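# Observations on the three-dimensional arrangement
The lines below spell out each chain.
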Amino acid sequence: AVQKRDPAVLPKATKNEGETAGHKDAQARDGAAIVRFLHWLSVEGPKGGLDEIKAAEKLHDLRRQGGDLRDLSFDTISGAGPNGAIVHYRVTEATNRPIELNSLYLVDSGAQYPDGTTDITRSVAIGEPNPEMRDRFTRVLKGHIAIARAVFPQGTRGSQLDSFARQYLWQAGLDYAHGTGHGVGSFLAVHEGPQRIGAANYPGSGWDEPLQPGMFLSNEPGYYKTGEYGIRVENLVLVVPVEIAGAEKTMFGFETLTWAPIDRNLIDTGLLTSGEPQWIDQYHAWVPTGVGPHLDGA
């Protein structure tokens, strides 16, 4: 028997122009549902009366209203307070928690549309977050931005980029026990190989796969304080060529694909350094260009 990788794996992982254009259209509709959800949560959350199941059902309903939803791409991770610290949490009637004032709520969700597959995580402060929550969130966000802004030569593996996302947590003696990014399909599996961003010693294949233009990946650093709260900031990104004057190598970078606001109330601006506030502002200026045509009113 000859044991070799399926020759279809790499062509499937490197999306063509049609798949990329479709994905961006799907992201815009999906982002609009996320924006509607975040607005609803900002109004209803502080009043009390919401729980993990109600929030997950509301988000699913908003995605249905957006059109052409075929299915969720995975069971929504709707984690209030301590449940947000469980990385692969799935809410049940038995574990369902209320979304309480002055707590963190983490929602990791995605959808399958005929033109694309989405996966997004947002962590939201309900009421007023404490200084530690802001510190941890900002360190996670700084790692997210470091991946989003990364520039790297052809042949670079995801394992070489993984520490970009962890460095600010490491500086505070913190870390997270999952990979930083996984490949994403096109109206297929939301976890698709062979590419990923993760430590070389992290379980699972793909850490040694060179990143190539056309690959979709997630960018999702996090932090989890057992028994208290969880934080994850996840967008999907596309590997793209990058032109650098005088470059002696073929260089690549990431184009962010996910249109959805980040909770500014959780950012400790004192921790931000060169270029990070500008990235956040540019991202929030860019988001309405994608979701705006799908939204009206407040």
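Of the two faces of strand β10 (residues 216-219), the one holding F216 and S218 and the one holding L217 and N219 are both buried throughout. Looking at chain direction, β10 and strand β13 (residues 235-242) are connected through 4 bridges and run antiparallel. If you follow L217 over to β13, its bridge partner there is V237.

The next point concerns the pattern of salt bridges. Should their charged atoms come close, side chains of opposite charge can pair. Scanning the entire structure with this criterion turns up 20 salt bridges. Salt-bridge contacts for R232 lead to E220; the nearest nitrogen and oxygen are separated by 3.7 Å. Taken as a pair, R232 in strand β12 (residues 229-232) and E220 in the loop between β10 and β11 (222-225) lie far apart in primary sequence, 12 residues in all. Each member of the pair, R232 as well as E220, is classed as buried. Connected through shared salt-bridge partners, K12, K15 and E192 make up one network.

The strands making up a sheet associate through hydrogen bonds between their backbones, and the pairing can be parallel or antiparallel. Pairing is antiparallel in the open sheet, where 4 strands are placed in the order β7-β14-β13-β10. Two strands bound the open sheet, and with one partner strand each, they are β7 (151-153) and β10. Neighbour-to-neighbour, the strand axes of the sheet open up by a mean angle of 40°, direction not taken into account. Where β7 lies against strand β14 (residues 251-256), 3 bridges are found, and the strand directions are antiparallel. What sits directly across from V151, in β14, is G253.

Turning to the packing of aromatic side chains, a few remarks are in order. Taken as a whole, this structure holds 7 aromatic pairs when the rule is applied. With a centroid separation of 5.3 Å and 0° between ring planes, the pair formed by W279 and Y283 is classed as stacked. Taken together, the residues span about one helical turn, with W279 and Y283 both in helix α6 (residues 276-291) at a distance of 4 residues. Of the two residues, W279 and Y283, neither departs from the other in class, the shared state being buried. A network of ring pairs unites the aromatic residues W259, W279, Y283 and W286 as a single cluster. Above the face of the Y113 ring, R29 is positioned so that its terminal group lies 5.0 Å from the ring centre.

Conventions adopted
Residues numbered from 1 in each chain as written. Predicted model: local features only at pLDDT ≥ 70, side-chain atom pairs only at ≥ 80, totals over all residues. Heavy atoms only, no water. Buried < 20%, exposed > 50% of the residue type's maximum accessible area, 1.4 Å probe, protein only. Helix = DSSP H or I, 4+ residues; strand = E, 2+ residues; numbered from the N terminus. Pairing = 2+ DSSP bridges. Salt bridge = Lys/Arg side-chain N within 4 Å of Asp/Glu carboxyl O. Axes fitted to C-alpha atoms, helices over the stretch in contact; angles between N-to-C directions. Phe/Tyr/Trp six-rings, centres within 6.5 Å; stacked < 30°, edge-to-face > 60°. Lys NZ or Arg CZ within 6 Å of the ring centre and 35° of its normal.

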